[in-house]
Amino acid sequence: MPRIANIAAKAAIFCTIVFMLLILYQNIEVVIESESYGVFGWLGAVTAVFGVLILFTKFVSSEKTYIILILAASLFCRFSFALLVQTPVDGDFLLIYNAAKDVIAGNKSWLEKPFFSNWGYLVPYVYYEALIMKLFGSDFALKLLNIAFMVATNMLVYLVSRKLTSPRNAFTAALFYAVYPAPVLLSTVLTNQHISLMFFMLSVYFYIDADSSRNHALLSGLFLFLGNLMRPEAIVIIAAMVVHTLVKTAGNPEWIHIKNKLSGTLTVLAVFAVLTGLSASLFRVTGAAPHGISNNRPEWKFVLGLDTDSKGVYNEEYAYILSISDSELREKEAGKIISESLRKCNSISLFFLEKSKMMWANMETDSWSLRHIQKDRPLWEQYPDFTYKKAIDNIIYFDKAVYILLHILTIIGCIILLITPVSRRHGEFFFVILLLVNYTVYLFIEIQTRYRYFIMPFFFILAASALKGKQGKEEPPVSMSGQDNSNIPVYN
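Keep in mind it's a predicted model, so treat the numbers as computed, not measured.

## Description of the overall build of the protein chain
Logical step 1: Along its length, the protein chain carries 20 helices and two strands.
Logical step 2: Over its C-alpha atoms the protein chain spans a radius of gyration of 23 Å, differing by no more than 12% from the 23 Å that the globule rule assigns to 492 residues.
Logical step 3: Over its C-alpha atoms, taken along the principal directions, the protein chain stretches across nearly 70 × 60 × 55 Å.
Logical step 4: A total of 492 residues make up the protein chain; the buried ones form 55% of that total.
Logical step 5: Of the contacts made within the protein chain by residues no fewer than 6 positions apart, 78% connect residues no fewer than 24 positions apart.
Logical step 6: Carbon and sulfur atoms make up 66% of the accessible area of the protein chain, which totals about 21400 Å².
Logical step 7: A gap of 7 Å separates the mean positions of the 42 positive and 37 negative side-chain charges of the protein chain.

## Quick look at the packing of aromatic side chains
Logical step 1: One pass over the full model with this rule turns up 31 aromatic pairs.
Logical step 2: Geometrically, the ring pair formed by Trp300 and Tyr314 is edge-to-face, given 6.3 Å between the ring centres and 80° between the ring planes. Highlighted residues: Trp300 in helix H14 (residues 299-305) and Tyr314 in the loop between H14 and helix H15 (327-343), separated in sequence by 14 residues.
Logical step 3: Judged by its relative accessible area of 5%, Trp300 falls in the buried class.

## Concerning unusual backbone geometry
Logical step 1: For Glu35, which is not a glycine, the phi torsion comes out positive at approximately 55°.
Logical step 2: Its place among the elements puts Glu35 in the loop between helix H1 (2-33) and helix H2 (38-59).
Logical step 3: Residue Glu35 is classed as exposed on the basis of its relative accessible area, which comes to 58%.

## Description of the layout of surface pockets
Logical step 1: The calculated volume of the second largest pocket comes to roughly 640 Å³.
Logical step 2: When contributions to the lining of the second largest pocket are tallied by element, the ones reaching two or more residues are helix H3 (63-84), helix H9 (181-185) and helix H18 (388-418).
Logical step 3: Among the elements that make up the lining of the second largest pocket, the one with the highest residue count is H18 (six residues).
Logical step 4: Of the residues that constitute the lining of the second largest pocket, the class distribution is 19 nonpolar, two polar and no charged.

## A short note on the state of the cysteines
Logical step 1: Applying the stated criterion to the full structure yields zero disulfides.
Logical step 2: Unpaired in terms of disulfides, Cys15 finds its nearest cysteine sulfur in Cys414, a separation of 11 Å.
Logical step 3: Using a relative accessible area of 37% as the deciding quantity, one classes Cys15 as partly exposed.

## A look at the packing of helix H10 (residues 193-207) against helix H20 (residues 456-466)
How two helices pack is summed up by the angle between their axes together with the distance between the axes.
Logical step 1: Interaxial distance between H10 and H20 falls to 11 Å at its minimum, and their mutual angle equals 35°. Contacts from Leu197, Met201 and Val204 in H10 reach Pro457, Phe458 and Ile461 in H20.
Logical step 2: Within the contact of H10 with H20, the residues separate by chemical class into six nonpolar, no polar and no charged.

## Describing the nonpolar core
Logical step 1: Counting 154 residues, the largest nonpolar core has Phe431 and Phe458 as the members making the most contacts within it.
Logical step 2: Among the elements that make up this core, the one with the highest residue count is H18 (14 residues).
Logical step 3: Sequence-distant contacts of Phe431, that is, excluding residues within four places in its chain, are made with Val160, Leu164, Val204, Ile208, Phe458, Ile461 and Leu462.

## Re the confidence of the model for the protein chain
Logical step 1: Here the protein chain shows a mean pLDDT of 91. Residues at 70 or above account for 94%.
Logical step 2: The spread of mean pLDDT over the elements of the protein chain runs between strand S1 (residues 378-380), the lowest at 85, and H10, the highest at 98.

## Description of a nonpolar patch on the surface
Logical step 1: On the surface, a nonpolar cluster with roughly 550 Å² of combined accessible area is contributed by Leu75, Phe79, Leu83, Leu84, Phe140 and Leu144.
Logical step 2: Elements represented by at least two residues in the nonpolar patch include exactly H3 and helix H7 (139-164).
Logical step 3: Positionally, Leu83 belongs in helix H3.

## Regarding the pattern of salt bridges
For side chains bearing opposite charge, pairing can occur when the charged atoms are close.
Logical step 1: In this structure the tally under the stated criterion is 15 salt bridges.
Logical step 2: For Lys357, the salt bridge is made with Glu33, and the minimal N-O distance between the two is 3.0 Å. One end of the pair, Lys357, is in helix H16 (residues 348-360); the other, Glu33, is in helix H1, with 324 residues separating them in the sequence.
Logical step 3: By relative accessible area, Glu33 is classed as exposed at 53%.
Logical step 4: The residue Asp309 makes a salt bridge to Lys344 at a minimum N-O spacing of 2.8 Å. With a gap of 35 residues between them, Asp309 in the loop between H14 and H15 and Lys344 in the loop between H15 and H16 connect regions that are remote in the sequence.

## Regarding helix H8 (residues 167-179)
Logical step 1: Compared with an ideal rise of 1.5 Å per residue, which puts 13 residues at 18 Å, H8 spans 18 Å between its outermost C-alpha atoms and is within 8% of the ideal.
Logical step 2: Counting buried positions along H8 yields 12 of 13 residues, so the element is predominantly enclosed.
Logical step 3: Taken together, the buried positions of H8 are Pro167, Arg168, Asn169, Ala170, Phe171, Thr172, Ala173, Ala174, Leu175, Phe176, Tyr177 and Ala178.

Conventions we followed
Residues numbered from 1 in each chain as written. Predicted model: local features only at pLDDT ≥ 70, side-chain atom pairs only at ≥ 80, totals over all residues. Heavy atoms only, no water. Helix = DSSP H or I, 4+ residues; strand = E, 2+ residues; numbered from the N terminus. Rg over C-alpha atoms; globule rule 2.2 N^0.38 Å. Buried < 20%, exposed > 50% of the residue type's maximum accessible area, 1.4 Å probe, protein only. Contact = heavy atoms within 4.5 Å. Areas by Shrake-Rupley, 256 points an atom, 1.4 Å probe, with all protein chains shown as cover. Lys, Arg positive; Asp, Glu negative; His and termini not counted. Charge placed at Lys NZ, Arg CZ, Asp CG, Glu CD. Phe/Tyr/Trp six-rings, centres within 6.5 Å; stacked < 30°, edge-to-face > 60°. 1 Å grid on protein atoms, 1.4 Å probe; cavity = no way out; pocket = protein on both sides within 12 Å on 5 of 7 lines; lining within 4 Å. Points joined across faces, edges and corners; volume = space filled by probe spheres on them. Nonpolar A, V, L, I, M, F, W, Y, C, P; charged D, E, K, R; others polar. Disulfide = S-S within 2.5 Å. Axes fitted to C-alpha atoms, helices over the stretch in contact; angles between N-to-C directions. Core = buried A, V, L, I, M, F, W, Y, C linked by side-chain atoms within 4.5 Å. pLDDT = per-residue confidence, 0-100. Patch = residues over 30% accessible without salt bridge, like charges linked within 9 Å, V, L, I, M, F, W, Y side chains within 5 Å. Salt bridge = Lys/Arg side-chain N within 4 Å of Asp/Glu carboxyl O. Expected span 1.5 Å × (residues − 1).

This is the structure in structure tokens:
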């Protein structure tokens, strides 16, 4: 069993490396095809800063300084963007926002709109927005809280990384996440991704040592539930937890070891399942969500994701199936559409390659927060040639540079893990599985670059662990005062 578990783990790591090498190649291909050569200049600058940052940690070893710098950089980027950019609420976010205002006014008619009866999982977030606006009387409070959630997520990148490696490496990764533009560009958008990701990060933080702490297992399950209540993406984390636990238990056939490893994960999943069931019943019984809080049209994501004409992006052509109330007929029609789409496709493998390129290699979109900007205007009157478009393009180039460097570091980390006994680095293995599961899911469902938001912090965490090299142990963690604490173990 240990041998089989090790082979299975190595196979999963190898598959993840292949995925990431492909995506790295596709990213460079996109840069060249779009003639966005400024990315390479930014990549050189980012790499240099990365090296300087590593050198900086050799001389400044106070963890208190690390935390202050991470919080300051993260808060400055997000708060400044929120103050400077007044993103109008539109699209689906406007529907949710108006529904929240209806809740405050005591109007329940919004619950019968197809948007909320079909996508019941959005209902809890509507009530969250309504609560905040009722308490503070302003949608700006929602944006301020989003910033708080994002800063907390950034801090959790550091704290989770710290469990896998040293504070120095964790600081380097977390500081880069603080200035990584992709999440910052969404800080003015009233999306449920901010609050959800923070809860998921908390769940992962407590899951890492759930085996040795029942309280941490309970907290992990609780935060996994809260994250899923705001945005239903927990299935990816649950799948990674299950695979991770199976490999850990198979690696040591002793019953006491299996019992300890299973108990933590089972506790997490039990808490999640119980709270999910109770909340669903509560929403129905009270009338707060008469159609439930689940995805009542789950096949729609697959119809979109396996549309070989649109390459998996949103397409109105088959939206008629959403109006089919009978679930069996709807599933049958969805299956028919998917079968026809795949049948007429000349190359299924090429379809998946093109879809992967659109999802994981396309330039970050600025349309969610900057669509209202008149891009041909000069940023400063004194420099008429430097327009908003040029400024935004440079932000996107900087984003792509960080993204490419991140993939290079993560690939290195996975290669190191591939040649290291997995039993010594179970923590890193969990995040590799998380990446692999996420990649696989998006081969089959609808894609857009905004959906990368969920998985990106875990790339930074793996990049941090890559910095410690092949050794299973790092140098002792640094204390808040900057002194070594050799008695504090690094999780492996």
